[in-house]
Amino acid sequence: MTTAQTQELDVQPSPLALLLLGREADPRSERGVECPGDLPSPSDPDLVARARAAKEKLGDKVFVLGHHYQRDEVIQFADVTGDSFKLARDAAARPEAEYIVFCGVHFMAESADILTGDDQKVVLPDLAAGCSMADMATAEQVAECWDVLTEAGIAGQVVPVSYMNSSADIKAFTGRHGGTICTSSNAERALNWAFEQGEPSTSKVLFLPDQHLGRNTAVRDLGMSLEDCVVYNPHRPNGGLTAEQLRDARMILWRGHCSVHGRFSLESVEDVRARIPGVNVLVHPECRHEVVAAADYVGSTEYIIKALEAAPAGSKWAIGTELNLVRRLANRFAAEGKEIVFLDKTVCFCSTMNRIDLPHLVWALESLAEGQLVNRIEVDKETEAFAKLALERMLALP
């Protein structure tokens, strides 16, 4: 396929395409991938015992974080579970832990390194555990976008708001340009804060990197119209937008999305309602706008968990989020008579999150127990300073 054909089809090359085995290095990737050493065999019947032994040997020197989307075989060894920002803050609250083993993806481990002490070392069991959404916005692309906004004469009116699901470089860009970070729980507050930084009639937000969370928050929570939003495509000249379109927009959405939440469709909602009468549809705000508009409830991962905890016995729920979590919740609440199903009939795990498996965790823990530091995630000091500034603005949101 020629370059011209690729541009015509709007194909976005994946930085993960050559990194499937997690043992190579790609200098073009901001993450970089290297996984030295031999992993235990997945068929090793002693993996659980080996993980327990290594964790016990390390004692208080290690603190294991498990994201909600991790598989059960990994979650069982987590000292705490939660979403990305909660886990990063949990790590910062354990200064006595020399090693923070983050069972999640790369940007999460970066956030933990930013928030923890200099003497603490953050380890990601497999460096190829990235995030397709975070990788859809590179530092170079975002810098070019800012040049486009400057040429359009509106950069001074734009406040960047970056989703937690972004690289440290993007968080640092946000901090440098007076913006803030947000989570799916506080995106509404973050956007309100951003619009208050300038003149109400002219202020704008550059929302990175998930277009769906930005659009859903602006339209569903802030009462904007879809016409107030434009999508900046980093693979097209000037983002595929005219200067007039940029000047007229209130929300400039980066063309990024979650590969899991983006697969849910309006047809998925209609199908589950037809199959399960009386079902409650509960989805994550990273889903497409039409899915969010058709759902009964919308909220973050923590919101989803709390909603199911409070749900009455016998209620029926279709959940639009990652399958590991949905399956875990279905098993947890089955005894209470709550029927919980995955929104889509096609099974879909987060493929990069699932790279953190038991062999990788055992390898990381045993290496640390033997005094060998592996797969450390370390953010450089300048990037850390500006990224922390953006995170601190989020923590100070009213």
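Structure first, text after, so check above.
Small disclaimer: the values here were computed from a predicted structure and weren't measured.

The next thing to look at is the environment of D248. Among the structural elements, D248 can be located in helix α10 (residues 243–248). By relative accessible area, which is 56% here, D248 ends up exposed. Expressed as a C-alpha distance, the spacing of D248 and D228, which sit 20 residues apart in the sequence, is 7.6 Å.

Okay, the packing of helix α2 (residues 47–58) against helix α15 (residues 358–369) next. Close contact between α2 and α15 brings their axes to 9 Å; oriented N to C, the two are set at 30°. Between α2 and α15 lies a crossing of left-handed hand. Contact residues: α2 offers L47, V48, R50, A51, A54, K57 and L58, while α15 offers L358, P359, V362, L365, E366, L368 and A369.

Burial of nonpolar side chains together is a common tendency in soluble globular proteins. Of all hydrophobic cores here, the largest spans 108 residues; its most connected members are V101, F207, M251, V283, I340 and L343. For this core, the element with the highest residue contribution is α15, accounting for eight residues. Filtering out sequence-adjacent residues up to four positions away, M251 remains in contact with L191, F195, V205, F207, G214, A218, M224, D228, C229 and V230. Ranked by size, the runner-up nonpolar core spans 21 residues in total, among them A137, I154, A155 and F173.

A word on the sheet that holds strand β13 (residues 339–342). Strand order in the open sheet formed by four strands is β11-β10-β12-β13, and the pairing between neighbours is parallel. Looking at strand neighbours, the two that pair on one side only are β11 (297–298) and β13, the edges of this open sheet. Examined bridge by bridge, strand β10 (residues 280–283) and strand β12 (residues 316–320) share four bridges and lie parallel to one another. Directly across from V283, in β12, lies its bridge partner G320. Across the sheet, helix α13 (residues 301–310) touches β10, β11, β12 and β13, and the angle it forms with β10 is around 155°.

Attention shifts here to the layout of surface pockets. Estimated volume of the second largest pocket: approximately 420 Å³. Y69, F107, M108, N165 and E286 are, among the 33 residues lining the second largest pocket, the residues nearest its centre. Of all elements in the fold, only α4 (84–92), α5 (106–115) and α13 reach the threshold of two or more residues within the lining of the second largest pocket. Residues that form the lining of the second largest pocket fall into these classes: 15 nonpolar, 15 polar and three charged.

Tallied over the full model, the rule gives 21 salt bridges. Between R50 and E366 there is a salt bridge, and its shortest N-O distance comes to 2.8 Å. On the criterion of sequence distance, the pair formed by R50 in helix α2 and E366 in helix α15 is long-range, its members being 316 residues apart. Shared partners join several salt bridges into a network, and the residues in it are D44, R50 and E366.

Of note, the amide linkage connecting L208 to P209 takes the cis form, showing an omega dihedral of -20°. Turning to its location among the elements, P209 is positioned in the loop between β7 (204–208) and α9 (211–221). If you check the backbone angles, N375 has positive phi at about 50° while not being a glycine. Considering the arrangement of structural elements, one finds N375 in the loop between α15 and β14 (376–377).

Those residues of helix α8 (residues 187–195) lying buried are A187, A190, L191, W193, A194 and F195. Among the structural elements, β5 (158–163), β6 (180–182), β7, α9, β9 (251–254) and α16 (381–395) are those in contact with the buried residues of α8.

This brings us to the packing of aromatic side chains. The final tally for this structure, using the stated rule, is four aromatic pairs. Judged by centre distance (5.3 Å) and plane angle (25°), the ring pair of Y232 and W254 falls under stacked. Of this pair, Y232 sits in strand β8 (residues 229–232) while W254 is found in strand β9, placing the two residues 22 residues apart along the sequence. A residue is classified by how much of its surface remains accessible, and Y232, at 2% relative accessible area, is buried. On the basis of an interplanar angle of 65° and a centroid distance of 5.4 Å, the ring pair of F264 and F342 is categorised as edge-to-face. Of this pair, F264 sits in the loop between β9 and α11 (266–275) while F342 sits in strand β13, and the two are 78 residues apart along the sequence. One residue, R250, lies across the ring of F195, its end atom 4.9 Å from the ring centre.

About the criteria used
Every chain is numbered independently, its residues counted from 1 as its sequence is written. With the structure being a predicted model, the display of local features is reserved for residues of pLDDT at least 70 and the display and counting of side-chain atom pairs for 80 or more, all residues being used for whole-chain, interface and lining totals. Working from all heavy atoms in the structure, the side-chain values ignore hydrogens and water. Strands are runs of DSSP state E lasting at least two residues, helices are runs of H or I lasting at least four, and both sets are numbered from the N terminus onward. Three labels apply to residues, based on accessible area from a 1.4 Å probe with only protein chains included: buried if under 20% of the type maximum, exposed if over 50%, partly exposed otherwise in between. What counts as an axis is a line fitted to C-alpha atoms, over the stretch in contact for a helix, and the angles between N-to-C directions run from 0 to 180 degrees. Should the near helix be turned anticlockwise from the far one by less than a right angle, the crossing is termed left-handed; should it be turned clockwise, right-handed. Residues are treated as being in contact if the distance between any of their heavy atoms lies within 4.5 Å. For the purposes of this section, nonpolar cores are sets of buried Ala, Val, Leu, Ile, Met, Phe, Trp, Tyr and Cys residues that join through side-chain atoms within 4.5 Å. Between any two strands, at least two bridges found by DSSP are needed for them to pair. Put simply, the grid is 1 Å and covers the protein atoms alone, a cavity is a trapped set of points that fit a 1.4 Å probe, a pocket is an open set with protein on both sides within 12 Å along at least five of seven lines, and lining residues have an atom within 4 Å of a point. Grid points are joined across faces, edges and corners, and a volume is the space filled by probe spheres set on the points. Three classes are used: nonpolar for Ala, Val, Leu, Ile, Met, Phe, Trp, Tyr, Cys and Pro, charged for Asp, Glu, Lys and Arg, and polar for all others, with Gly counted as polar. Whenever Lys or Arg places a side-chain nitrogen within 4 Å of a carboxyl oxygen from Asp or Glu, that contact is recorded as a salt bridge. A pair of Phe, Tyr and Trp rings is counted when the ring centres sit within 6.5 Å of each other, with Trp represented by its six-membered ring. The angle between the planes then sorts it: under 30 degrees is stacked, over 60 is edge-to-face, the rest tilted. Over a ring means this: the NZ of a Lys or the CZ of an Arg is within 6 Å of the ring centre and within 35 degrees of the ring normal.

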